[in-house]
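# Examination of the molecular architecture
These are the residues of each chain, in order.
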Amino acid sequence: MANSFTRILSSKRNVGILSLVGAGSLTAGFLLKREHVTAGANVRRVYPASAEYPDLRKHNNCMASHLTPAIYAKLVDKATPNGYTLDEAIQTGVDNPGHPFIKTVGMVAGDEESYEVFADLLNPVIKERHNGYDPETMTHPTDLDSSKLTSGQFDERYVLSSRVRTGRSIRGLSLPPACTRAERREVERVVVDALAGLKGDLAGKYYSLTNMTEQEQQQLIDDHFLFDKPVSPLLTCSGMARDWPDARGIWHNNTKTFLIWINEEDHTRVISMEKGGNMKRVFDRFCAGLKEVERLIQEKGWEFMWNERLGYILTCPSNLGTGLRAGVHVKLPRLSKDPRFAKILDNLRLQKRGTGGVDTAAVGSTFDISNLDRLGQSEVQLVQTVVDGVNYLIECEKKLEKGQDIKVPPPNRK
Amino acid sequence: HPLGLGLNVHNDYKMKFSVDEEYPDLSLHNNHMAKVLTKEMYSKLRSKSTPSGFTLDDCIQTGVDNPGHPFIMTVGCVAGDEESYEVFKDLFDPIISDRHGGYKPTDKHKTDLNFENLKGGDDLDPAYVLSSRVRTGRSIKGYTLPPHNSRAERRMVEKLSIEALATLDGEFKGKYYPLNGMTDAEQDQLINDHFLFDKPVSPLLLAAGMARDWPDARGIWHNESKSFLVWVNEEDHLRVISMEKGGNMKEVFRRFCVGLNKIEEIFKKHNHGFMWNEHLGFVLTCPSNLGTGLRGGVHVKLPKLSTHPKFEEILTRLRLQKRGTGGVDTASVGGIFDISNADRLGSSEVQQVQLVVDGVKLMVEMEKKLEKGESIDGMIPAQK
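In this text the structure is predicted, and so the values were computed from the model without any measurement.

### Side note on the interface of chain A and chain B
Interface size is commonly expressed as the accessible surface area that is lost when the partners come together. Counting residues at the interface gives 39 residues for chain A and 36 residues for chain B. Here chain A and chain B share an interface that buries about 2800 Å² over both sides, 43% of which is from carbon and sulfur atoms. The tally of links from chain A across to chain B stands at three salt bridges. Inspection of the chain A/chain B interface yields 22 residue pairs in polar contact (both at pLDDT 80 or more). Among the elements of the structure, α1 (4-21), α3 (49-52), α6 (86-95) and α9 (181-195) of chain A are those that each provide at least two residues to the side of chain A that touches chain B. Residues belonging to the side of chain A that touches chain B are distributed by class as follows: 14 nonpolar, ten polar and 15 charged.

What follows is the structure in structure tokens.
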């Protein structure tokens, strides 16, 4: 496939290999990478940085908390090798001051190099969002060996469904806030090509948003698989919805238990799910599917964006590390009314959402319960946290049913 | 840099990909940009960049993201700076021609803000004409436009505007209300006066990047009698509005011309005149507003005429358009319509307001005839 992309990839491959191999010590690899990406891309500025500094007085997001005038002045003249700038990275946080209760991240990455070139801002943002994880000194463990998971079968009188999702980015291609139409189309081609190689219970079909029939569209809606053009200003202000629906689509296997979104908020979102409480099987399929997709893209000379400081590289800093959200829909009518519910969840490192997902309310005491953390712990560790935590919640619910008292568990390590 | 070869690192990066890979999918689109942007044109223009770094893809993003409407033909592209209209001439010229009645690249546009040249306009029947209004836009030379400007540039436009407006006196003495700094009381008052503008919600505007950094450096200025109003940094650098209740369009236009000329004098003194050239007239963000950028109109009661089978034809012949009283894309309420000039480029301010004055006068007379049960067939005008 001699096209524009093979030529670009050969120059990008060196960057990727450096980060994977580490080039000696962690620090040396980190420094080599930073020098490589900060060289040679400077932005034409007409006005001094102080005249351009955004007004963040009414803002409450992680970017606003850490973007001092000094850091702005230092970074505003820089661009990644592809030309992505600080102002572009922070636009979403400038345009969306934030919520008094929910602290949003307020910035995105336009490409893998953004995390290096704008590290002076991204590192403190990452540290705040991921509970003190310091990208300069720490390493992130990746572990997709699902055989290590224990007790992964929930009581199905309480757990209605189980789901694990993550994201993956294709190294060498810019991320959704910055990608050109050509890059986005190449992401689609690379991923769809790889998915066509999946076999057995993973075999499936791709539905491009531009080309699907009305019937296919209705089926995808009924299955709750279809994603729409983003409406949240958090996403649209970062430029992710440009050229919609060009090169966007949905792939799923024939049994509808393994699903991939292409070119929505990330290059890919990978979802494994089933009705019922067999989180073990959901996680087995998740890991097997991810590894197989990775093998298939590597056959063609591609790889996922990953490094040992930040794990898997995704558009939003909140999804670094594992990018993993493992969760269940679980009925907790008594426990959810107990005043200790929030504290129990917190100590178990879990969060609750309504059954419509983030920013929705619970319906009839059925909650979406999932892991809070993304970075600093492995996939196996996080799914185990969910398994252990949900089992504990179910035990609490059963105790309350019998009129027994429950205990708030001690805080889980980090 | 020579015009068209401005520094743009991202655009240089994009040039590594082929035309076929980058050319947008316009197969479901119905807007002016989609009608003219062939792959050949895309190929020719994609390497170019204005001196400030605005590219073809920047111009067309709003048209790619908003395929359009089966009935209403949107423009589908914007300018990021004055030079856009020159660097991307191959794109803009055919769009301008299609949108502005065949206006050619060699045509010259006449500017006439001499209010004394308007005949009549002070005798529209206030029993029918409820209010009169003239608006236009202005861009300040030397600064890029809302789709592209940086925060510092936008703040400079605001600063210059505040300084200029602060020197006005007499009937034009007024006050500036920055969107960021107004009190709740001021905000309520501006809403009650129907002056306050909001962050745009139309995807046509959002996709062009005009709402970035809202509400930084946006604001509203108006005179004490609330008859002359200026919006700063909404869709254009400045939108200037003259208005009052009743049908005295002559007075509204007088105030419009006098106020605009005063403001322009002040900007020119500081070496920041308005963007204007003899081909395109006043240069604004959207190609649909080139020329005069003027929309002069009235709210007028025409319950009988508006249901007459020849209503649309009469409007077309008079070179007028109708809207509901909420503005563009709204429906009329109680037989009251917003009637304004359809043209912007190729005729002067005086000519366009004259058409409104003469046309509305005629339509009110038609309405009165229809009230008496008489026919209006003998009054149908020839095409203007």
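### Remarks on the environment of Trp214 of chain B
Note that Trp214 of chain B resides in the loop between α10 (203-206) and β3 (219-223). Taking the C-alpha atoms as reference, Trp214 of chain B lies 6.8 Å from Lys199 of chain B; in sequence the two are 15 residues apart. For Trp214 of chain B, the contacting residues outside a window of four places in its chain are Asp95 of chain A together with Leu179, Phe197, Asp198, Lys199, Pro200, Asn233 and Glu234 of chain B.

### Some remarks on the packing of aromatic side chains
For the structure shown, the criterion picks out 16 aromatic pairs over all chains. Both rings, one in Trp221 of chain B and one in Phe228 of chain B, keep their centres 6.3 Å apart while their planes meet at 85°; by these two values the pair is edge-to-face. Phe228 of chain B carries the same exposure label as Trp221 of chain B, and that label is buried. A network of ring pairs unites the aromatic residues Phe227, Trp244 and Trp261 of chain A as a single cluster. The ring of Tyr312 of chain A has Arg168 of chain A lying over it, and the distance from NZ or CZ to the ring centre is 3.4 Å. Against the face of Phe282 of chain B rests Arg138 of chain B, its NZ or CZ located 3.4 Å from the ring centre.

### What about the UniProt feature "domain: Phosphagen kinase N-terminal" (unreviewed entry) in chain B?
The sites that carry the UniProt feature "domain: Phosphagen kinase N-terminal" (unreviewed entry) are, in the present numbering, residues 14-101 of chain B. Along residues 14-101 of chain B one finds 48% helix and 0% strand; the C-alpha atoms at either end are 36 Å apart.

### Describing the nonpolar core
Counting 58 residues, the largest nonpolar core has Ile170, Met279, Leu335, Ile369 and Leu393 of chain A as its most contacted members. Mapped by element, the contributors of at least two residues to this core are β1 (159-168), α9, β4 (258-262), α12 (279-299), β8 (325-331), α13 (341-347), β10 (366-371) and α14 (379-401) of chain A. Per-element tally for this core: the top contributor is α14 of chain A, with ten residues. Here Met279 of chain A is in contact with Leu149, Gly152, Phe154, Ser162, Arg163, Val164, Ala326, Gly327, Val328, Val383, Val386 and Val387 of chain A, once residues within four sequence places are set aside. Formed by 57 residues, the second largest nonpolar core is a distinct cluster that contains Leu118, Tyr176, Val350 and Val364 of chain B.

### Details of the sheet that holds strand β5 (residues 238-245) of chain B
Where strands meet in a sheet, backbone hydrogen bonds hold them as pairs that are either parallel or antiparallel. Residue and element names in this part refer to chain B. One open sheet holds the eight strands; their spatial order is β2-β3-β4-β5-β1-β8-β10-β9, and the pairing between them is antiparallel. Taken across any chain shown, the strands that pair with only one partner, and hence form the sheet edges, are β2 (174-178) and β9 (320-323). Recorded for the sheet is a direction-independent mean angle of 20° between the axes of neighbouring strands. Pairing geometry for β2 and β3, over five bridges, is antiparallel. Pairing of Lys175 across the sheet is with His222, part of β3.

### So, the pattern of salt bridges
A side chain with one charge may pair with a side chain of the opposite charge, provided their charged atoms come close. In this structure the tally under the stated criterion is 57 salt bridges over all chains. Arg309 of chain A is the salt-bridge partner of Glu116 of chain A, the closest N and O atoms lying 2.8 Å from each other. Of the two residues, Glu116 of chain A is situated in helix α7 (residues 114-117) and Arg309 of chain A in the loop between β6 (306-307) and β7 (311-312); the sequence distance between them amounts to 193 residues. When sorted by exposure, Glu116 of chain A lands in the same class as Arg309 of chain A, which is buried. Glu292 of chain A serves as the salt-bridge partner of Arg295 of chain A, at 2.8 Å between the closest nitrogen and oxygen. Residue Arg295 of chain A and its partner Glu292 of chain A are both found in helix α12; the two are separated by three residues, about one turn of the helix. Note on Arg295 of chain A: relative accessible area 39%, which makes it partly exposed. When salt bridges with common partners are traced through the structure, they connect Arg181, Arg184 and Asp243 of chain A together with Lys14 and Asp57 of chain B into a single cluster.

### Observations concerning the domain arrangement of chain B
Residue and element names in this part refer to chain B. The assigned domain composition of chain B is domain 1 (9-100) and domain 2 (115-372). Distance from the C-alpha centre of domain 1 to the C-alpha centre of domain 2: 27 Å. The interface of domain 1 with domain 2 comprises 22 residues on the first partner and 24 residues on the second. Both faces considered, domain 1 and domain 2 share a buried interface measuring about 1800 Å² in area, 65% of it formed by carbon and sulfur atoms. Summed over the three residues of domain 1 that lose the most area to domain 2, namely Glu82, Tyr85 and His100, the buried surface amounts to 35% of that side. Taken together, the links from domain 1 to domain 2 amount to one salt bridge. With a shortest N-O distance of 3.1 Å, Lys141 and Glu82 are connected by a salt bridge. Applying the counting rule to domain 1 against domain 2 returns eight residue pairs in polar contact (both at pLDDT 80 or more). Secondary-structure elements contributing two or more residues to the side of domain 1 that touches domain 2 are α5 (56-65) and α7 (89-99). For the side of domain 1 that touches domain 2, the element with the most residues is α7, which contributes four residues. Considered class by class, the residues forming the side of domain 1 that touches domain 2 number nine nonpolar, eight polar and five charged.

Each value, and the rule that gives it
Residues numbered from 1 in each chain as written. Chains lettered and ligands numbered in written order. Predicted model: local features only at pLDDT ≥ 70, side-chain atom pairs only at ≥ 80, totals over all residues. Heavy atoms only, no water. Contact = heavy atoms within 4.5 Å. Buried area = accessible area lost by both parts, 1.4 Å probe. Salt bridge = Lys/Arg side-chain N within 4 Å of Asp/Glu carboxyl O. Polar contact = N/O pair within 3.5 Å; in protein donor to acceptor, adjacent residues only side chain to side chain. Helix = DSSP H or I, 4+ residues; strand = E, 2+ residues; numbered from the N terminus. Nonpolar A, V, L, I, M, F, W, Y, C, P; charged D, E, K, R; others polar. Phe/Tyr/Trp six-rings, centres within 6.5 Å; stacked < 30°, edge-to-face > 60°. Buried < 20%, exposed > 50% of the residue type's maximum accessible area, 1.4 Å probe, protein only. Lys NZ or Arg CZ within 6 Å of the ring centre and 35° of its normal. UniProt positions renumbered as here; feature names shortened; annotations may be inferred. Core = buried A, V, L, I, M, F, W, Y, C linked by side-chain atoms within 4.5 Å. Pairing = 2+ DSSP bridges. Axes fitted to C-alpha atoms, helices over the stretch in contact; angles between N-to-C directions. Domains from an automatic or database assignment.

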